[in-house]
Amino acid sequence: MILFYINVNIIYCVNLQNVENLTNETSYKSYNIGVDMGIINPEKYSFESFKTDEQSIFRDLYKDYISMNGSQLVNYEEWLIMNNFGILSDTQESLFERKISKRSTADNKRRFVNTVRKGDILVTGRGIGGLVGHAAIMTTDYWVLEMPGGAGWQKGIKDNNRQISKYKWFDEHASDWTTVYRCPNGNAANGAAVWADHTYYNPSGGSKKTKHITYKITIDVWSTNPSYCSKLVVQAYYFGTGSKKVISSDISLRRVIVPSTIPSYFLSPYKLKNMGKY
């Protein structure tokens, strides 16, 4: 199957058969690229684990990406690099690490709900629309603001922004690890949370949703509608922190903001602290 995209006077052609014909050699080559670039630590992410994720998760997500981004195409290896190979940039752990814990699910949930607080950033392994992973922000000590995406994301999903309780977040992601990140500056964290709540839920801070945001992944990192999960989070710390220089200015150079790379946007002394995974 061949898809054609027209942008101004340029015609882009993508052969989806080439994606479907990716081989074990592709897995090996891609893994070595990640290792050589220092993104993948073989002691934390073995080739066998990567191969499983690459063939069962990444290839399908890349198909999603090329079906949506005809005028901004990158090849498969470039796409993996853009998504940091699904690796958290601070710990070099995979978002898809098998969830094995000595703690019971109930204990893990208790620790999670007792840990998270206003301004914290949540990153987990699910992905949609060509992005690896998912992200959200705590707008209070109780509420999580997110854009979950879903069916029909290619054309945009109207009214996709929502707030859910931290208990519901954990239940929906109980089979995945959620990594909790915290900005060490309380004022910055509070400002980001308030900005996110007012911009993406209710301008007056009320409990009723009055903002209705369309979920769509675009290369415009500044617009708030449409938007998507990780873009919302980074915007909150860019726009909501006043004169503080929290987020790197190279945000505008990225095609998209990928969940696993969120920590890399933060500048000292605001660099995120990893509070653990649950």
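The preceding data block contains the structure.
Let me begin by describing the structure that accompanies this report.

Each value, and the rule that gives it
Residues numbered from 1 in each chain as written. Predicted model: local features only at pLDDT ≥ 70, side-chain atom pairs only at ≥ 80, totals over all residues. Heavy atoms only, no water. Pairing = 2+ DSSP bridges. Helix = DSSP H or I, 4+ residues; strand = E, 2+ residues; numbered from the N terminus. Axes fitted to C-alpha atoms, helices over the stretch in contact; angles between N-to-C directions. Patch = residues over 30% accessible without salt bridge, like charges linked within 9 Å, V, L, I, M, F, W, Y side chains within 5 Å. Areas by Shrake-Rupley, 256 points an atom, 1.4 Å probe, with all protein chains shown as cover. Salt bridge = Lys/Arg side-chain N within 4 Å of Asp/Glu carboxyl O. Buried < 20%, exposed > 50% of the residue type's maximum accessible area, 1.4 Å probe, protein only. Parallel < 35°, antiparallel > 145°, perpendicular 65-115°, else oblique. Left-handed = near helix turned anticlockwise from the far one by under 90°. Contact = heavy atoms within 4.5 Å. Nonpolar A, V, L, I, M, F, W, Y, C, P; charged D, E, K, R; others polar. Polar contact = N/O pair within 3.5 Å; in protein donor to acceptor, adjacent residues only side chain to side chain. Phe/Tyr/Trp six-rings, centres within 6.5 Å; stacked < 30°, edge-to-face > 60°.

Here 6 strands make up an open sheet; going across it, the order is E6-E5-E4-E3-E7-E8 and the pairing antiparallel. Lying at the two open borders of the sheet, with one neighbouring strand each, are strand E6 (162-165) and strand E8 (273-277). Neighbour-to-neighbour, the strand axes of this sheet turn through a mean angle of 30°, independent of strand direction. Relative to strand E4 (residues 134-138), strand E3 (residues 121-124) runs antiparallel, the two sharing 4 bridges. Along E4, the bridge assignment pairs Val123 with Ala135.

There is a patch of nonpolar side chains on the surface, built from Tyr142, Trp143 and Tyr167 and spanning about 290 Å² of accessible area. The exposure class assigned to Tyr142 is partly exposed, which follows from its relative accessible area of 37%.

To continue, consider the pairing of E3. Residues Ile121 and Val123 of E3 are buried on one face, and the alternating residues Leu122 and Thr124, pointing to the opposite face, are buried as well. Here 4 bridges tie E3 to strand E7 (residues 178-182), and the two strands are oriented antiparallel to one another. Among the inter-strand pairings, Val123 is bridged to a residue of E7, identified as Thr179.

Our next topic: the packing of helix H7 (residues 186-200) against helix H8 (residues 229-239). Following both chains from N to C, one finds H7 and H8 inclined at 120°, their axes separated by 8 Å at the closest point. Judged by the angle between their axes, H7 and H8 are oblique. Between H7 and H8 the crossing geometry is right-handed. Residues Ala188, Ala189, Ala192, Trp195, Ala196 and Tyr200 of H7 form the contact with H8, whose participating residues are Leu232, Gln235, Ala236, Tyr237 and Phe239. By residue class, the composition of the contact of H7 with H8 is 10 nonpolar, 1 polar and no charged.

Here we come to the side chain of Ser30. Along the chain, the position of Ser30 falls in helix H2 (residues 24-36). A polar contact is formed between the side chain of Ser30 and the backbone oxygen of Thr26, at a distance of 2.8 Å. If we ignore the near neighbours within four places in the chain, the residues touching Ser30 are Phe50, Tyr76, Glu77, Leu80 and Phe85.

Across all of its chains, the model carries 22 aromatic pairs by this definition. Measuring from centroid to centroid gives 5.8 Å for Phe58 and Phe96, while their planes differ by 70°, and the two rings are edge-to-face. Of this pair, Phe58 sits in helix H3 (residues 47-68) while Phe96 sits in the loop between helix H4 (76-82) and helix H5 (105-115), and the two are 38 residues apart along the sequence. An aromatic cluster is built from Tyr28, Tyr31, Tyr45, Phe47, Phe50, Phe58, Tyr62, Tyr65, Tyr76, Trp79, Phe85 and Phe96, whose rings are joined through pairwise contacts.

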